[in-house]
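Chain residues, written in single-letter form:
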Amino acid sequence: MQLKLPIYQDLNDYFAVRTKTISRIAIADIMDNSMLIRWYSKIFDSYLLVKDLKGFGYFESDFTHGYVQATFRFNKLALEVIRFQLDLRGLNKRNTREISIIEASIRG
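Please read these numbers as outputs of a predicted model, since none were measured by experiment.

Asks: Whenever I open this one, the overall build of the protein chain confuses me. Can you help?
Replies: The number of helices and strands found in the protein chain is four helices and zero strands. Reading the helices (α) and strands (β) of the protein chain from amino to carboxyl end gives α-α-α-α. The buried share of the protein chain, taken over its 108 residues, is 34%. Sequence separation of 24 or more characterises 69% of the internal contacts of the protein chain that already satisfy a separation of 6 or more. Just so you have it, the protein chain exposes about 7700 Å², and 57% of that area is on carbon and sulfur atoms.

Below, the structure written as structure tokens:
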């Protein structure tokens, strides 16, 4: 008989999100522009999945507490790194169509 504790799944999801985000942060400076923009899009997609899961919305979702908390925490960190890299490369919503679409979808 195998005993599964919910806290184990929370920790597993938290560390999975953390590991994936930190490994991408580590290689952000060698990513080409298209790869960096795809990562920017993925971060916003995951943000849109969990942005309404504060309070009681969290309990009604299919996501574990560890996934939700890690997504909030590490998305903020990833966005700082992405925005720094975009600024360093001179890419913004005025001169890059993909970035303008991503940022318009987050505000809309």
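Asks: Looking at this structure, how should I read the nonpolar core?
Replies: In terms of nonpolar packing, the biggest core is built from 16 residues, with Leu36, Trp39, Tyr40, Ile43, Ile82, Leu86 and Ile99 touching the most fellow members. Of the residues forming this core, the biggest block, six residues, is contributed by helix H2 (residues 33-50). If we ignore the near neighbours within four places in the chain, the residues touching Tyr40 are Leu79, Ile82, Arg83, Leu86, Ile99, Ile102 and Glu103.

Asks: Would you mind showing me how to read the side chain of Asp13 here?
Replies: Among the structural elements, Asp13 can be located in helix H1 (residues 6-26). Among the residues examined, Asp13 registers a relative accessible area of 18% and is labelled buried. The residues contacting Asp13, other than those within four sequence positions of it, are Thr64, Gly66 and Tyr67.

Asks: When you look at the packing of aromatic side chains in this model, what are you seeing that I'm missing?
Replies: Two numbers describe a pair of aromatic rings. These are the distance of the centres and the angle of the planes. Tallied over the entire structure, the rule returns three aromatic pairs. Geometrically, the ring pair formed by Tyr14 and Phe15 is edge-to-face, given 5.5 Å between the ring centres and 85 degrees between the ring planes.

Asks: Sorry if this is basic, but what is going on with the packing of H2 against helix H3 (residues 65-89) here?
Replies: When two helices pack together, their arrangement is given by the angle between their axes and by how far apart the axes lie. Put simply, H2 and H3 touch, their axes get as near as 10 Å, and they point 150 degrees apart. As judged from the angle between their axes, H2 and H3 are roughly antiparallel. Every pair of crossing elements has a handedness; the one defined by H2 and H3 is left-handed. Here the residues of the contact of H2 with H3 are counted per class, giving 15 nonpolar, five polar and two charged.

Scoring rules and cut-offs
- Residues numbered from 1 in each chain as written.
- Predicted model: local features only at pLDDT ≥ 70, side-chain atom pairs only at ≥ 80, totals over all residues.
- Heavy atoms only, no water.
- Helix = DSSP H or I, 4+ residues; strand = E, 2+ residues; numbered from the N terminus.
- Buried < 20%, exposed > 50% of the residue type's maximum accessible area, 1.4 Å probe, protein only.
- Contact = heavy atoms within 4.5 Å.
- Areas by Shrake-Rupley, 256 points an atom, 1.4 Å probe, with all protein chains shown as cover.
- Core = buried A, V, L, I, M, F, W, Y, C linked by side-chain atoms within 4.5 Å.
- Phe/Tyr/Trp six-rings, centres within 6.5 Å; stacked < 30°, edge-to-face > 60°.
- Axes fitted to C-alpha atoms, helices over the stretch in contact; angles between N-to-C directions.
- Parallel < 35°, antiparallel > 145°, perpendicular 65-115°, else oblique.
- Left-handed = near helix turned anticlockwise from the far one by under 90°.
- Nonpolar A, V, L, I, M, F, W, Y, C, P; charged D, E, K, R; others polar.

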